[in-house]
Amino acid sequence: MAEHQLYMQRALELARLGAGFVSPNPMVGAVIVHNDGIIGEGYHERYGQAHAEVNAVNSVLTIYPDAAILLKEAVIYVTLEPCAHYGKTPPCADLIIKHGIPKVIVGCRDPFEAVNGKGIEKLMAAGVEVVLGVMEAECIDLNKRFFTRVQKQRPYVILKWAQTEDSFFAPDDGSQLWITGEISRRLVHQWRGEEDAILVGKNTALIDNPLLNVRHGLGKSPKRVVIDRNLELSKDLRLFDQSVETFVFNAIKTDVDGKVKYISLEDFDNFVPHYILFQLYLQDVQSLIIEGGAKTLQAFIDAGLWDEARVFTGNVNLTKGIKAPVIQGDIISVDKVGEDTLRIIKPYVV
C-alpha cells in the first residue's frame, strides 16, 4: 500500500497542474509504472483536450520502442475513475483495454452519472485488475469543485473578505480603505486564477470600480458576476469592459451585450443566492469566489450556500463602520500572510 501511495501522490501532483484550465472537467493525473519504475506520466491539461490517461500512454509510446510490450506488463495509477463514455474525447477505459494494461489503481470513483462506476465495471469485465480507494480522501479533495457541481448542482463557493482587528468590513461613508497589505492582495489575485468566476455586489462595483482580474497573479482571469437589481451601474465601469464573460443578475431584463450577459431573476426578495448559483451551474461555472460586499457575503452565509471562507484580518482598527460578516464553522487553519492573519473556515460537518 505504501508503494501505491507513492505513485498516487505523484499522480495528484500532476493533476494539480491542470488547475484553472480544465473546468468544468475534473483535474486528473496518471502515472504508468513498470518494474517499480515510472515509464509514463500525464495529466488533463486543458478542457476539451486529451485526458490524463491518454497523455500518460502517449508519453510511453513516444519514449520506448517496445512500448506495446511494456504497457502489457504495466500498472497505471489514476486519481479519478477512467471515463467510460464518449464526450469531447473517447473513453479512457477503452484506451486502457486496447493497450492491454493489466492493472489499474484508482484514487476515487467519478460521481458524474455517465461514469460513476461504469469505467471500473468496463475494465473489470475486460479482465483488468482494479484497485479502488488509494488516497481516496486526497483525490476527492483535489476535485471538491467538480464533486460539488455534480452532486449539488451548484458551483463550489469560496467566500473572501478582509476585516479590521475590531471586526469592521469597511468605512460607512462610501470611502475606500485598504485593510490588508500587498502580499495578501497578490495572494488573492493568485486565488482568482484558480476559480471559474468571481462575484461582487452593486455597491462594491460602484465604490471600488474593480477589474476583478489576475493582474498580480498567474492564470486566466475568472468570469465576472455582479448583482445589480435595478441595473443602476454605469456601463463605463471596468466590470463592463468586454474583456471576459460577465454575468449581471437583475430584476429587469435577460439580454446579451457582447460578453456581458444580463440574467433576470423573477423573485429578488427570496432565495436570490440559490437562483444565482443555479444559473451559474447552468453556465458551466464550477467554482465561485465571492469578494463582497458585506451584505452580499452575509446573504450566502445565511442561506448556507458556502463551502469555504478565507478571512483576512489586517493590522487596522476603524472603531465604526460596516460590520464584517458573521460566520460560524470549523477553523481549518490560521496563518500569517505578511502583516495580516488569514483564517480558513469550513462549514460544520453535520
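Residues numbered from 1 in each chain as written. Predicted model: local features only at pLDDT ≥ 70, side-chain atom pairs only at ≥ 80, totals over all residues. Heavy atoms only, no water.

Undergrad: What is the right way to read the environment of Cys 92 from this model?
TA: Structurally, Cys 92 is set in helix α4 (residues 92-98). Taking the relative accessible area as the measure of exposure, Cys 92 reaches 1% and is therefore buried. When the C-alpha atoms of Cys 92 and Gly 119 are compared, they prove to be 8.2 Å apart, with 27 residues separating the residues in sequence. Dropping the residues within four chain positions of it, Cys 92 is found in contact with His 51, Glu 53, Val 54, Pro 82 and Cys 83. (Helix = DSSP H or I, 4+ residues; strand = E, 2+ residues; numbered from the N terminus. Buried < 20%, exposed > 50% of the residue type's maximum accessible area, 1.4 Å probe, protein only. Contact = heavy atoms within 4.5 Å.)

Undergrad: Just checking my understanding: could you explain unusual backbone geometry for this structure?
TA: Comment: phi is negative for the bulk of residues other than glycine, and the bulk of peptide bonds are trans. Across the junction of Ser 23 and Pro 24, the peptide omega takes the value 10 degrees, indicating a cis bond. A cis amide bond links Gly 292 to the next residue, Gly 293, at an omega of 0 degrees. Along the chain, Gly 293 falls in the loop between β13 (287-292) and α11 (294-302). If you check the backbone angles, Ser 167 has positive phi at about 65 degrees while not being a glycine. Relative to the elements of secondary structure, Ser 167 occurs in the loop between β6 (156-163) and β7 (168-170). Exposure remark for Ser 167: the relative accessible area of 32% places this residue in the partly exposed category. Backbone geometry at Asn 209 places phi at a positive 45 degrees, although glycine is not the residue there. The class for Asn 209 is partly exposed, based on a relative accessible area of 23%.

Undergrad: Can you help me understand the state of the cysteines in this one?
TA: Among covalent bonds in proteins, the disulfide is the one between the sulfur atoms of two cysteines. Using the criterion set out here, one finds zero disulfides in the structure. Between Cys 92, a free cysteine, and Cys 83, which holds the nearest cysteine sulfur, the sulfur-to-sulfur gap is 3.8 Å. Of all cysteine sulfurs, the one in Cys 139 lies closest to Cys 108, which takes part in no disulfide; the gap is 5.2 Å. Looking at Cys 108, the relative accessible area reads 1%, which means it is buried. (Disulfide = S-S within 2.5 Å.)

Undergrad: Looking at this structure, I do not really get the sheet that holds strand β16 (residues 330-337). What am I missing?
TA: Remark on secondary structure: sheet strands pair via backbone hydrogen bonds, oriented parallel or antiparallel. With respect to topology, 10 strands assemble into an open sheet ordered β11-β12-β10-β9-β8-β13-β6-β14-β17-β16, the strand pairing being mixed. In this open sheet, the two edge strands, each paired with only one partner strand, are β11 (255-257) and β16. With strand direction ignored, the average angle separating the axes of adjacent strands in the sheet is 20 degrees. Bridging between strand β8 (residues 197-201) and strand β9 (residues 223-227) involves five bridges; their strand directions are parallel. Within β9, the residue paired with Leu 199 across the bridge is Val 225. Helix α8 (residues 182-192) contacts β6, β8, β13, β14 (308-313), β16 and β17 (340-346) of the sheet and is inclined by roughly 160 degrees relative to β14. Sheet strands in contact with α11 are β6, β8, β9 and β13, and its direction is about 135 degrees off that of β6. (Pairing = 2+ DSSP bridges. Axes fitted to C-alpha atoms, helices over the stretch in contact; angles between N-to-C directions.)

Undergrad: Honestly, the nonpolar core in this entry has me stumped. Any pointers?
TA: Side chains of nonpolar character tend, in soluble globular proteins, to be buried together. Of all hydrophobic cores here, the largest spans 47 residues; its most connected members are Met 8, Ile 32, Ile 76, Tyr 77, Val 104 and Leu 123. Top element by residues in this core is helix α1 (residues 2-16). It accounts for six residues. If near-sequence neighbours (up to four positions away) are discounted, Ile 76 is found in contact with Ala 30, Val 31, Ile 32, Glu 53, Ile 96, Ile 101, Lys 103, Val 104 and Ile 105. Listed in part, the 32 residues of the second largest apolar core include Trp 161, Leu 297, Phe 300 and Leu 305. (Core = buried A, V, L, I, M, F, W, Y, C linked by side-chain atoms within 4.5 Å.)

Undergrad: Mind showing me how you'd approach helix α2 (residues 52-63) here?
TA: Helix length check: α2 (12 residues) gives 17 Å between terminal C-alpha atoms against 16 Å at 1.5 Å per residue, within 8%. Buried within α2 we find Ala 52, Glu 53, Asn 55, Ala 56, Val 57, Ser 59 and Val 60. (Expected span 1.5 Å × (residues − 1).)

Undergrad: Please clarify how the pairing of β16 should be interpreted in this entry.
TA: The side chains of a regular strand alternate, first on one face of the sheet and then on the other. Sheet topology places β16 next to β17; seven bridges connect them, and they run antiparallel. Its bridge partner being in β17, Asp 335 is matched across the sheet by Leu 342.

Undergrad: Teacher, can you tell me more about the pattern of salt bridges here?
TA: Pairs may arise between side chains of opposite charge once their charged atoms sit close together. Evaluation of the coordinates by the stated rule reveals 20 salt bridges. For Arg 145, the salt bridge identified is with Glu 195, shortest N-O distance 2.8 Å. Placement of the pair is Arg 145 in helix α7 (residues 144-152) and Glu 195 in the loop between α8 and β8, with a sequence separation of 50 residues. When sorted by exposure, Arg 145 lands in the same class as Glu 195, which is buried. (Salt bridge = Lys/Arg side-chain N within 4 Å of Asp/Glu carboxyl O.)

Undergrad: Can you walk me through the sheet that holds strand β2 (residues 37-43) in this structure?
TA: A sheet is described by the order of its strands in space; here five strands give the open sequence β2-β1-β3-β4-β5, paired in mixed fashion. Edge positions in the sheet fall to β2 and β5 (129-132), since each has one partner strand and no second. On average, each strand axis in the sheet is tilted by 20 degrees relative to the strand beside it, whichever way the strands run. Judged from the four bridges that link them, strand β1 (residues 29-34) and strand β3 (residues 75-80) form a sheet pairing that is antiparallel. Residue pairing in the sheet places Ala 30 in a bridge with Val 78 of β3.

Undergrad: When you look at the packing of aromatic side chains in this model, what are you seeing that I'm missing?
TA: One pair of aromatic rings is described through two measures. These are the centre distance and the angle between the planes. Here the structure, examined in full by the defined rule, presents four aromatic pairs. In this structure, Lys 253 is placed above the aromatic ring of Tyr 262, and the distance from its NZ or CZ to the ring centre is 4.3 Å. The ring of Phe 168 carries Lys 323 above its face, with NZ or CZ at 4.5 Å from the centroid. (Phe/Tyr/Trp six-rings, centres within 6.5 Å; stacked < 30°, edge-to-face > 60°. Lys NZ or Arg CZ within 6 Å of the ring centre and 35° of its normal.)

Undergrad: Sorry, what's going on with the environment of Asp 241 here?
TA: For Asp 241, the position within the fold is in the loop between β9 and β10 (246-250). Asp 241 sits 74 residues away from Asn 315 along the chain, and the two C-alpha atoms are 34 Å apart. Apart from residues no more than four positions distant in its own chain, Asp 241 is found in contact with Leu 211 and Arg 224. Within the local environment of Asp 241, its side chain forms a polar contact with the side chain of Ser 243, the two groups lying 2.7 Å apart. (Polar contact = N/O pair within 3.5 Å; in protein donor to acceptor, adjacent residues only side chain to side chain.)

Don't take any of this as a statement about function, it's just geometry.
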